[in-house]
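# Structure assessment
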Amino acid sequence: MDVLTALRRRTLGAARRVRKLVRRQTAPAPTRASPEEASAALFVGHTRFSVHQFGSRYFNATREGQAGAGFTEDQYTAWLYSDERLNPRTEIFTQLSLPQLAEAAKDFNVVHYVSYSPSLPQRHKDALLAAAERYDFLELNETERTVSSTPVNSLIRRAAQKHGFESGAIGVYRLDDDDVLSVNYFHLMAPYVRSSHIGWWASQGRGVAGIRVGDEYVYVRDYYYPKSAFGPLCIAGYDQGDVTHTRAPKHTIMDHTNPTILDSREPAYFHIRHRGQDSTLGGKPMPFYPEAMMRIRSQGPADLKQVQTLFPLLADKLHLTPGREQEATDVASSPFTVTQEPVTFGWEQPGSIALRLELEEGRKLTPQQVRVLFSTEQDEGCEYSPEQEREFFAAAKVQSEHRGYWTWMPHQSTGLGHLLVIEPPEGVQVKSLSLQAEHGETLDILRLTAYPL
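Described in the following lines is the structure provided in the data block. (Residues numbered from 1 in each chain as written. Predicted model: local features only at pLDDT ≥ 70, side-chain atom pairs only at ≥ 80, totals over all residues. Heavy atoms only, no water.)

## Here we look at the overall build of the chain
Selection rule: Helix and strand assignments come from DSSP, with helices taken as H or I runs of at least 4 residues and strands as E runs of at least 2, each series counted from the N terminus. Under the scheme applied here, a residue whose accessible area is under 20% of the maximum for its type counts as buried, over 50% as exposed, and between as partly exposed, the area being computed with a 1.4 Å probe on protein chains only. In this analysis, two residues are considered to be in contact whenever any of their non-hydrogen atoms come within 4.5 Å of each other. Where accessible areas are quoted, they stem from the Shrake-Rupley method and a 1.4 Å probe; at the residue level, only the protein chains shown are allowed to cover.
The helix and strand tally for the chain stands at 11 helices and 23 strands. A burial count over the chain gives 49% of its 453 residues as buried. Long-range pairs, those at least 24 residues apart, make up 82% of the contacts in the chain with a sequence separation of at least 6. Surface exposure of the chain reaches about 22,100 Å², of which carbon and sulfur atoms provide 47%.

What follows is the structure, given as structure tokens:
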């Protein structure tokens, strides 16, 4: 071994030891605001609750022509207020987001505005009105105007008057109607709300994400997204009714226009992925679960005890697994070996499936090593043609062939093994599953579990 090679190996070894040391170190515990700091701070929050803004250039759904979804106004209204889109948002916002916010706001002066349009269907208005009766900090803002992510200055003035606030810095934050802030959110942000920081922004880089299945949350993962739209806070100025520095840049480039504080000491938000999100803007149904689980895969499984502490309203609804544990099915009851000859299993449950493949400790899956094949059957009265069925699967990178469909088992580990989601269109059922090794290889599978979704 020459000297240069020895030095290179020594350097790489030292770098690995440093990385391991950094991973072992824990971030300092966030300081909690003192009673004096809490009573002095004013926070003003804002949620746009499906505001009708047809023609606005800020959203894909509201842009006309090729620059956006291409909806007519009637199509846009039907999409915006559809039950599929609005029902989960109303439930999440009124039963999770607001109760969590109430817990977080106990020690602080908080006013949270919800903006909505007069055309919002009445039963959703009624849910907001009932919430406003329940929570003193909640204020409703019915408006026909275009609404920004931050509240207009007149609303901030009303909040200041409500709490007798005369001058200084105000923390102005954004909350989407299907996200949840931690009970420590205001304690995390309070130290930054000071006059010397007016014009600055604070971003919470670290959070948690999960997939909504029924009223529970599966595949709960650590989620790192600095400069996200999950609870960003601007530090505005206020002096005897004069409001400054509330203009909101695009959240992904907030640090290009404003000094930005990034605080990732602990999870500050829970990002919920659900079917009611804007996955059907193309005008036809698209697979939801494959994209949703892929998007939150990059980090590892969350620390459930920490999540339950920070998000107590979700505490009994959380699962680390890619489906509810009580519904898991062992596809193979014992270890088995995959070769070029497909190993086939029957499947009788309708709906989507999350397949979890586990190998022996120390073994890794390589790219395009295992092919997953499956057959389908259409229910009587299914409205999908064979071509439409193939197009639906192709959107999730599933290939079709004369025997059915196939795709690769992802080689990236999730901390829970390897995960593949198979989502058929409505009225189509998966009837069998097969695993096949490529390139003449063999692979020992420790466990294969399926989670209905």
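Now that the structure is up, let's keep going.
## Side note on the nonpolar core
To be explicit about the condition: We call a set of buried Ala, Val, Leu, Ile, Met, Phe, Trp, Tyr and Cys residues a nonpolar core when their side-chain atoms join them within 4.5 Å.
Phe 43, Tyr 173, Phe 186, Ile 211 and Leu 233 are the most contacted members of the largest nonpolar core, which totals 61 residues. By residue number, the principal contributor to this core is helix H4 (residues 83-104), which donates five residues. Setting aside residues no more than four positions away along its own chain, Ile 211 makes contact with Glu 216, Tyr 217, Val 218, Tyr 219, Arg 273, Phe 288, Tyr 289, Ala 292, Met 293 and Ile 296. In this structure, Leu 359, Val 398, Met 409 and Ala 450 belong to the second largest nonpolar core, which totals 28 residues.

## Describing the environment of Phe 311
Here Phe 311 lies in the loop between helix H10 (304-310) and strand S13 (329-332). Distance from Phe 311 to Asn 184, taken between C-alpha atoms, is 9.3 Å for residues 127 residues apart in sequence.

## Quick word on helix H11 (residues 386-394)
Note the following rule: Taking the helix axis as origin, the arc is that swept by the directions to the C-beta atoms.
Within the span of H11, buried status applies to Glu 389, Phe 392 and Phe 393. Burial along H11 is one-sided: seen end-on, the buried residues are contained in an arc of 95°.

## Here's the deal with the packing of H4 against helix H5 (residues 122-134)
This is how the line gets drawn: Inter-axis angles, ranging from 0 to 180 degrees, are taken between N-to-C directions of lines fitted to C-alpha atoms, where helices are fitted over the stretch in contact. Roughly parallel covers angles under 35 degrees, roughly antiparallel covers those over 145, roughly perpendicular covers 65 to 115, and oblique covers all other angles. For this scheme, ten residues count as nonpolar: Ala, Val, Leu, Ile, Met, Phe, Trp, Tyr, Cys and Pro. Four count as charged, namely Asp, Glu, Lys and Arg, and the remainder, Gly too, count as polar.
Direction vectors running N to C along H4 and H5 enclose 5°, while the axes themselves pass 11 Å from each other. If you check the angle between H4 and H5, you find them roughly parallel. Between H4 and H5, the residues in contact are Asp 83, Leu 86, Asn 87, Thr 90, Phe 93, Thr 94 and Leu 98 and Arg 123, His 124, Ala 127, Leu 128, Ala 131 and Arg 134, respectively. The residue inventory of the contact of H4 with H5, partitioned by class, reads six nonpolar, four polar and three charged.

## Focus on the pattern of salt bridges
Worth spelling out the cut-off: Salt bridge, as applied in this entry: a Lys or Arg side-chain nitrogen positioned within 4 Å of an Asp or Glu carboxyl oxygen.
Applying the stated criterion to the full structure yields 20 salt bridges. A salt bridge links Arg 273 to Glu 291; its shortest N-O distance comes to 2.9 Å. Placement of the pair is Arg 273 in strand S12 (residues 269-273) and Glu 291 in helix H9 (residues 289-295), with a sequence separation of 18 residues. Put simply, Arg 447 and Glu 358 hold a salt bridge, and the shortest N to O gap is 3.4 Å. Linking Arg 447 in strand S23 (residues 447-452) with Glu 358 in strand S16 (residues 353-358), this pair joins segments that are 89 residues apart in sequence. Arg 447 sits in the partly exposed class, given a relative accessible area of 37%. Via salt bridges that share partners, Arg 89, Asp 177 and Asp 178 belong to a single interconnected network.

## Brief notes about the sheet that holds strand S19 (residues 404-408)
Spelled out, the test is: Strand pairing is assigned whenever DSSP detects at least two bridges linking the two strands.
Judged by pairing direction, the sheet is antiparallel, and its five strands sit side by side in the order S15-S21-S17-S19-S18 without closing on themselves. Of all the strands in the sheet, the pair left with one neighbour each is strand S15 (343-346) and strand S18 (399-401). When strand polarity is set aside, the average angle formed by the axes of neighbouring strands in this sheet is 25°. By the bridge criterion, three bridges tie S18 to S19 in an arrangement that is antiparallel. In the strand pairing of S19, Gln 399 is matched with Trp 406. On the sheet, H11 packs against strand S17 (370-378), S18, S19 and strand S21 (428-437) and is oriented at approximately 145° with respect to S17.

## Description of the environment of Glu 142
Note on placement: Glu 142 falls in strand S3 (residues 138-142). Judged by its relative accessible area of 42%, Glu 142 falls in the partly exposed class. A C-alpha to C-alpha distance of 10.0 Å links Glu 142 and Tyr 113, two positions 29 residues apart in sequence. In this structure, Glu 142 is in contact with Tyr 116, Ser 117, Pro 118 and Lys 125, ignoring residues within four places of it in sequence.

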